[in-house]
Amino acid sequence: MAEAKIILVTGASSGIGAAIAKRLAGEGHTVFGTSRNTGSAAPADGVRMLTMDVRRDDSVAQAVAQLLAAAGRIDVLVNNAGFGLAGAIEDTAPDDMRRQLETNLLGPLRVCQAVLPAMREQGRGRIIQISSLGARVGIPFQGAYCASKFALEGMSEALSIEVKPFGIDVVMIEPGDTNSNFPNAREWTEAAKSSAIYAARARHAVAVMAKAEHAGPPADKVARLVSRAIAAKRPKLRYVCATPIERAAITARRLLPGRVFEGVVGAVYALPKAK
Ligand SMILES: NC(=O)c1ccc[n+]([C@@H]2O[C@H](COP(=O)([O-])OP(=O)(O)OC[C@H]3O[C@@H](n4cnc5c(N)ncnc54)[C@H](OP(=O)(O)O)[C@@H]3O)[C@@H](O)[C@H]2O)c1
């Protein structure tokens, strides 16, 4: 193996984050994982768990300080913690949107800001953002989630250029549907819970998505790609972790007129027509 690295993986109690932490620890790296509740699940062998709620400045600062006190440096940050908020955009109040962005956008912002001083001082580091194919396509009734991942990518593209002179690389990983606890942890906006206008279409669209997630590849597929991005001398800006159908959708989005592609996406998530 190449040189062992000090790595922080947020949201390592479940799914993709747990798989990333397990794989990287198995490769001989020193891995710190985070969870809001470190007592809830036994971590994989060799993974040290830290308590972190990415929605809170003090919690993020404290966990990163603990890591630096224990390890003396940080080579890689994997910003993975996140969840999905479902509901029509008309049923998404500003407070709902804030809740989604607080975890999926401001969370990575906080953790980046907490590790960057150490990485700059070291003159090297790598930040891996677990984004989503939902950063490429607006998925109906998951508009808040897509907004959070589109925003994460815009922020990360800018960050990448800003920190390059310090020897820090920023990488985005875009998983497609992946088998994890994500569909079970999905939340609904307040208004969607009693919405008569969108309820049937929203429930159906989210059920289509959840079915695809449950049937998706194991979380270790994303972990393998993260491992590659860490080992690469010159990592790509983006790595896509997708099935052939998802790859075809990305190509279709590039080639088809916007309204035609929108029609395809709408049809995938649309209620079946009554016979
Ligand atoms: N599964 C998919 O199909 C899929 C596809 C594309 C992208 N992704 C992305 O992959 C990432 C991981 O999702 P997953 O599929 O592995 O879902 P998951 O199994 O539900 O795991 C989510 C992880 O995030 C953590 N988390 C949630 N809110 C947090 C907070 N406020 N502070 C700290 N940790 C928090 C959870 O930890 P605790 O609850 O223990 O705090 C948990 O470890 C997310 O960013 C998601 O958007 C998933």
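Residues numbered from 1 in each chain as written. Predicted model: local features only at pLDDT ≥ 70, side-chain atom pairs only at ≥ 80, totals over all residues. Heavy atoms only, no water.

Peer 1: How do you make sense of the overall build of the chain when you look at a structure like this?
Peer 2: Helix and strand content of the chain: 10 helices and 9 strands. Along the three orthogonal principal directions, the C-alpha set of the chain runs to about 65 × 40 × 35 Å. When each of the 275 residues of the chain is scored for burial, the buried share is 47%. If you take every contact in the chain between residues at least 6 apart in sequence, the share linking residues at least 24 apart comes to 71%. Within the structure as shown, the chain displays about 13300 Å² of accessible surface, and the carbon and sulfur contribution to it stands at 56%. Charged side chains of the chain number 35 positive and 25 negative; the gap between the two group centres comes to 6 Å. (Helix = DSSP H or I, 4+ residues; strand = E, 2+ residues; numbered from the N terminus. Buried < 20%, exposed > 50% of the residue type's maximum accessible area, 1.4 Å probe, protein only. Contact = heavy atoms within 4.5 Å. Areas by Shrake-Rupley, 256 points an atom, 1.4 Å probe, with all protein chains shown as cover. Lys, Arg positive; Asp, Glu negative; His and termini not counted. Charge placed at Lys NZ, Arg CZ, Asp CG, Glu CD.)

Peer 1: I'm lost on unusual backbone geometry in this one. Help?
Peer 2: Working note: non-glycine residues mostly have negative phi, and peptide bonds are mostly trans. Phi at Phe 141 takes a positive value of approximately 70 degrees, unusual for a residue other than glycine. Counting through the fold element by element, Phe 141 comes out in the loop between β6 (125-130) and α5 (143-163). Residue classification places Phe 141 among the buried positions, given a relative accessible area of 10%.

Peer 1: How should the packing of aromatic side chains be read in this particular structure?
Peer 2: The relative placement of two aromatic rings is captured by the distance of their centres and the angle of their planes. Evaluated as defined, the whole model comprises 2 aromatic pairs. Positioned over the ring face of Phe 166 is Arg 120, at 5.8 Å from the centre of the ring. For Arg 203, the ring lying beneath its charged end belongs to Trp 188, and the centroid distance is 4.0 Å. (Phe/Tyr/Trp six-rings, centres within 6.5 Å; stacked < 30°, edge-to-face > 60°. Lys NZ or Arg CZ within 6 Å of the ring centre and 35° of its normal.)

Peer 1: For this particular structure, what's the right way to read helix α1 (residues 15-26)?
Peer 2: Helical geometry note: an α-helix holds 3.6 residues per turn, so side chains three or four residues apart project in the same direction. For α1, spanning 12 residues, the distance from its first C-alpha to its last is 17 Å, which sits close to the expected 16 Å at 1.5 Å a residue. Buried residues of α1: Ile 16, Gly 17, Ala 19, Ile 20, Ala 21, Leu 24 and Ala 25, and no others. Gly 28 occupies a position one or two residues after α1 and carries a positive phi of about 100 degrees. (Expected span 1.5 Å × (residues − 1).)

Peer 1: Would you mind showing me how to read the nonpolar core here?
Peer 2: Soluble globular proteins: nonpolar side chains tend toward being buried together. Grouped together as the largest cluster of nonpolar side chains are 26 residues, with contacts concentrated most on Ile 20, Val 78, Ile 128, Ile 173 and Val 226. Put simply, the parts of the chain that give this core at least two residues each are β1 (6-9), α1, β4 (76-79), β6, β7 (168-175), α8 (220-231) and β9 (238-241). Those residues in contact with Val 226 that lie beyond four places of it in its chain are Ile 20, Val 78, Ile 128, Ile 130 and Ile 173. Judged by nonpolar contacts, the second largest core, of 23 residues, contains Met 52, Val 64, Leu 67 and Val 115. (Core = buried A, V, L, I, M, F, W, Y, C linked by side-chain atoms within 4.5 Å.)

Peer 1: Help me understand the site of the ligand in this model?
Peer 2: Around the ligand sit 30 residues in total, of which Ser 13, Ser 14, Ser 35, Tyr 145 and Ser 180 are the nearest. A distance of 2.6 Å separates an oxygen atom of the ligand from a polar atom in the side chain of Ser 13. Interatomic distance of 3.4 Å between a backbone N/O atom of Gly 82 and an oxygen atom of the ligand. Calculation on the ligand without its partners gives an accessible area of 890 Å², and the protein chains cover 93% of this total. Listing elements by their share of the shell around the ligand, those giving two or more residues are α1, α5 and α6 (182-185). Considering only residue class, the shell around the ligand consists of 10 nonpolar, 14 polar and 6 charged. (Near = heavy atom within 4 Å. Polar contact = N/O pair within 3.5 Å; in protein donor to acceptor, adjacent residues only side chain to side chain. Nonpolar A, V, L, I, M, F, W, Y, C, P; charged D, E, K, R; others polar.)

Peer 1: Quick question: what am I supposed to make of the pattern of salt bridges here?
Peer 2: If the charged atoms of two oppositely charged side chains come close together, the side chains can form a pair. Inspection of every chain in the model, using the stated rule, returns 23 salt bridges. For the salt bridge of Arg 238 with Glu 157, the shortest nitrogen-to-oxygen distance reads 2.6 Å. Of this pair, Arg 238 sits in strand β9 while Glu 157 sits in helix α5, placing them 81 residues apart in sequence. Shared partners join several salt bridges into a network, and the residues in it are Glu 3, Lys 5, Arg 73, Asp 75 and Arg 124. (Salt bridge = Lys/Arg side-chain N within 4 Å of Asp/Glu carboxyl O.)

Peer 1: In this structure, what is going on with the packing of helix α3 (residues 94-104) against helix α4 (residues 106-122)? I would like to understand it.
Peer 2: When two helices pack together, their arrangement is given by the angle between the helix axes and the distance between those axes. Relative to each other, α3 and α4 sit at 30 degrees, their axes nearing to 3 Å. By the angle class used here, α3 and α4 are roughly parallel. Here α3 contributes Leu 101, Glu 102, Thr 103 and Asn 104 to the contact with α4, which in turn contributes Leu 106, Gly 107, Pro 108 and Arg 110. Among the residues forming the contact of α3 with α4, the class breakdown is 3 nonpolar, 3 polar and 2 charged. (Axes fitted to C-alpha atoms, helices over the stretch in contact; angles between N-to-C directions. Parallel < 35°, antiparallel > 145°, perpendicular 65-115°, else oblique.)

Peer 1: Please explain the environment of Ala 219 as it appears in this structure.
Peer 2: Secondary-structure assignment places Ala 219 in the loop between α7 (199-214) and α8. In this structure Ala 219 comes out as buried when scored by relative accessible area, which is 9%. Every residue in contact with Ala 219, bar those within four places of it in the chain, is listed here: Gly 15, Ile 16, Ala 19, Thr 178 and Asn 179.

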